[in-house]
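One letter stands for each residue in the lines below.
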Amino acid sequence: MSRRTRGNDSSSVSGPNSALTEFLKEQGISAETIRQRHLARLRAETPDTAASEPETREASDEVEASEDELEIRIAARRKRRARGDAYTDSEDEDEYNSDEVAKKFGEVDQCVTCDKDFTLTVYSRYVENGYLCEKCNEKAKVKERNAKKNQLLARKKRQKLATALLDKQDLSRMPKLQDMCISLISEHIDQVEMLGDIGAINMSKISRILLKNRRLNDVTASLFLEPGLRELEFWDCSKVSSDALQRIPAFCPQLEKVTLSMCGQFHNANLQYFASNLRKLTHITLHGPFLISDVAWQEFFETVGSRLKGFHISNTHRFTSDSMITLLEHCPNLEELTLTRLDGLNSSEVYELIPHYLTKLRHLEISYPQNEDLITDDLLINILSINGEHIEFLNLDCCTALTDRFLTEGLRVFAPNLKSLSLKFLDQISDEGMIALFEQWDANPGLLSVNLQKCVNLTSAGLVFLLNHSGKTLVELNVNSVYGTEKLFFEDYLRSTALPLLTHLDIGFVRSVDDLVVEIIGNTCPKLALLEVYGNNRVTRKTRIREGLKLIGRQSDTI
Amino acid sequence: MSVAESPYVTLISSDNHRFIIDREAAMVSSTLKNSFSYDFEENATNSIKLHEIHGTLLEKVVEYLYYNLKYQNRVEEVPEFNIPTSMALELLMAADYLDV
């Protein structure tokens, strides 16, 4: 404990030390200085025996040198020092040692840095070429302390940058005045009565910061409600009560698009009021509305009817097959549909009704179904055959029953306008399917976004065909955990194929990725801004990162 | 660009305070940059009247312009820019307008 009380200068982590060691270190005495001193003394007393010691190479060197030569060297050193020349070499070290030969404690010596005479004591510090006087020793100690402090600061800064990197922020850029104000306002949001005319972008920025810090509550939520508002996004409503949610349609009757995430307090009565009061509502996104009952859903769809164009729902077990049937019957104009993690929706017959009712789908997400057998190749092929012409966005994450057949007989035939495709965790998709889909798929001009995370059956062979087809248009690509991606694919294929628009690439857990691959990717993708390399432990500190490219997930960044 | 370009420009606040600042500093704001880069009246007179921004706010904005100019290319630790809490909202509106 005693060393901890001494204060901040010894704050770096080190192994266990005795109090004596710590004290000696403070005084500038180390095992090395003691050894040097001992050797010097030995040499002074019995030069011949010192010469025979095998471990003291320096000592033997200098004793071999003749007395005359020694004197010449000393003179040369004095001259050099007088000129202020900082130059030293191994010869110097030898010579200094020989200089100190005669010195003992209590004698007067010349300090090696300030050239002043001082009395040599047991506390005098020995640096590489001689002793320091008391003053210089103090200075050296301060210098060391500062160096340590700087090192700590630098490490802290590196850590800060690394954390910012994980948030995909750029700390090196100058912060904008707006952003500074916004973070300040968010801190003191409880004291704000009205936000005023700060612009829609700033408004949503503030709301997002609040949401990120989980500060959205009844009071802060009402700051964002304006009569003319057309779009509202509350990404975290967990602290917003049912009463406050009721205020949304009352204050903002013009709303067209509403997004409420984590809306566990969203009540049947709320949904009813939304339906009756928001006459222009066309898109609604609800994450986790688990209080809404089956009956309330049915009433909602009956009221909203053909107005509804986008319906996104996830994480509720109360949305059942009956609710789904009502949705299909009453909302024929749906263009966007998301059904994610709905454990109440467990009838394959209901899913099979989708192609019978919905014909205008542009955006379709059916992911994480209750049971993988609910979503089959045939179902998807049916849906695509009806809606294929419009479909631009397709997300089928974790519908693990899907196979290559859906790619070849569904997508390839019916989806010429597809732009975004997400097939996370589809472990039955193989290279053959990818090749059959993408080989000369001229009907489709190219995909913008592809997610193949954990499609563990895929290898480089399939990816080559994907990139041959969509390489020119791809903006986002995720091949996280596509283990079969070989290094050769990056080295040979990617080196020669430019991906001109790619801005976001995730190649995490692809073990073949190393420093060289990161470099190659940086060169062939001129617009790439974000590269994720989580779990690629062969990407090291040494890799050269192109300017403008952000590398996330490198192990060495956080250590 | 017609007249010889003065190295200084004048920003006038709503309560008629005049802030004469380096042209370079004004260029940090893209709104000001646009006003001073084309053949507008602002460019001829080298001054711009900001009807919406009060003097105290404008002073802070000017402080930021110089702060940005001074530190934008520094690698080492940049000192924090101090904003009084009471001013934050109004300053945000001004900053939004000036795009800084």
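Everything numeric in this text was worked out from a predicted model, so none of it was measured. (Residues numbered from 1 in each chain as written. Chains lettered and ligands numbered in written order. Predicted model: local features only at pLDDT ≥ 70, side-chain atom pairs only at ≥ 80, totals over all residues. Heavy atoms only, no water.)

## Topic: the pairing of strand 9 (residues 336–340) of chain A
Within a regular strand, side chains alternate between the sheet's two faces.
Residue and element names in this part refer to chain A.
Now for step 1: Within strand 9, five of the five residues are buried, leaving the element largely enclosed by the surrounding structure.
Now for step 2: Every second residue of strand 9 is oriented toward a common face, with Glu336, Thr338 and Thr340 on one face and Leu337 and Leu339 on the other, all of them buried.
Now for step 3: Alignment of strand 8 (residues 310–314) against strand 9, held across five bridges, turns out to be parallel. Bridging across to strand 9, glycine 310 finds its partner in glutamate 336. (Buried < 20%, exposed > 50% of the residue type's maximum accessible area, 1.4 Å probe, protein only. Helix = DSSP H or I, 4+ residues; strand = E, 2+ residues; numbered from the N terminus. Pairing = 2+ DSSP bridges.)

## Considering the confidence of the model for chain B
Now for step 1: The predicted model of chain B has a mean per-residue pLDDT of 85, with 93% of residues at 70 or higher.
Now for step 2: Of all helices and strands in chain B, the one with the weakest mean pLDDT is helix 3 (residues 41–45) of chain B (78), whereas strand 2 (residues 18–22) of chain B scores best (93). (pLDDT = per-residue confidence, 0-100.)

## Some thoughts on the UniProt feature "domain: DNA repair protein rhp7 treble clef" (unreviewed entry) in chain A
Now for step 1: Under the UniProt annotation, the feature "domain: DNA repair protein rhp7 treble clef" (unreviewed entry) is placed at residues 105–141 of chain A.
Now for step 2: Strand forms 32% of residues 105–141 of chain A and helix 22%; the C-alpha atoms that close the span are 21 Å apart. (UniProt positions renumbered as here; feature names shortened; annotations may be inferred.)

## Some words on the sheet that holds strand 2 of chain B
Residues and elements named next belong to chain B.
Now for step 1: Taken in spatial order, the three strands make up an open sheet running 2-1-3, and their pairing is mixed. The open sheet has two free edges, formed respectively by strand 2 and strand 3 (47–49), since each of these has just one partner strand. For this sheet, the mean angle separating the axes of adjacent strands, direction not counted, is 20°.
Now for step 2: On top of the sheet, helix 2 (residues 30–37) reaches strand 1 (8–12) and strand 3; it is set at about 125° to strand 3, its chief contact.
Now for step 3: Of the strands in this sheet, strand 1 and strand 2 are in contact with helix 4 (residues 55–71), which crosses strand 2 at around 5°. (Axes fitted to C-alpha atoms, helices over the stretch in contact; angles between N-to-C directions. Contact = heavy atoms within 4.5 Å.)

## Considering unusual backbone geometry
All names here are of chain A.
Now for step 1: You will see that methionine 262, though not glycine, has its phi angle at about 50°, which is positive.
Now for step 2: Unusually for a residue other than glycine, arginine 341 sits at a positive phi of about 50°.
Now for step 3: Along the chain, arginine 341 falls in the loop between strand 9 and helix 16 (348–357).
Now for step 4: Residue classification places arginine 341 among the partly exposed positions, given a relative accessible area of 38%.

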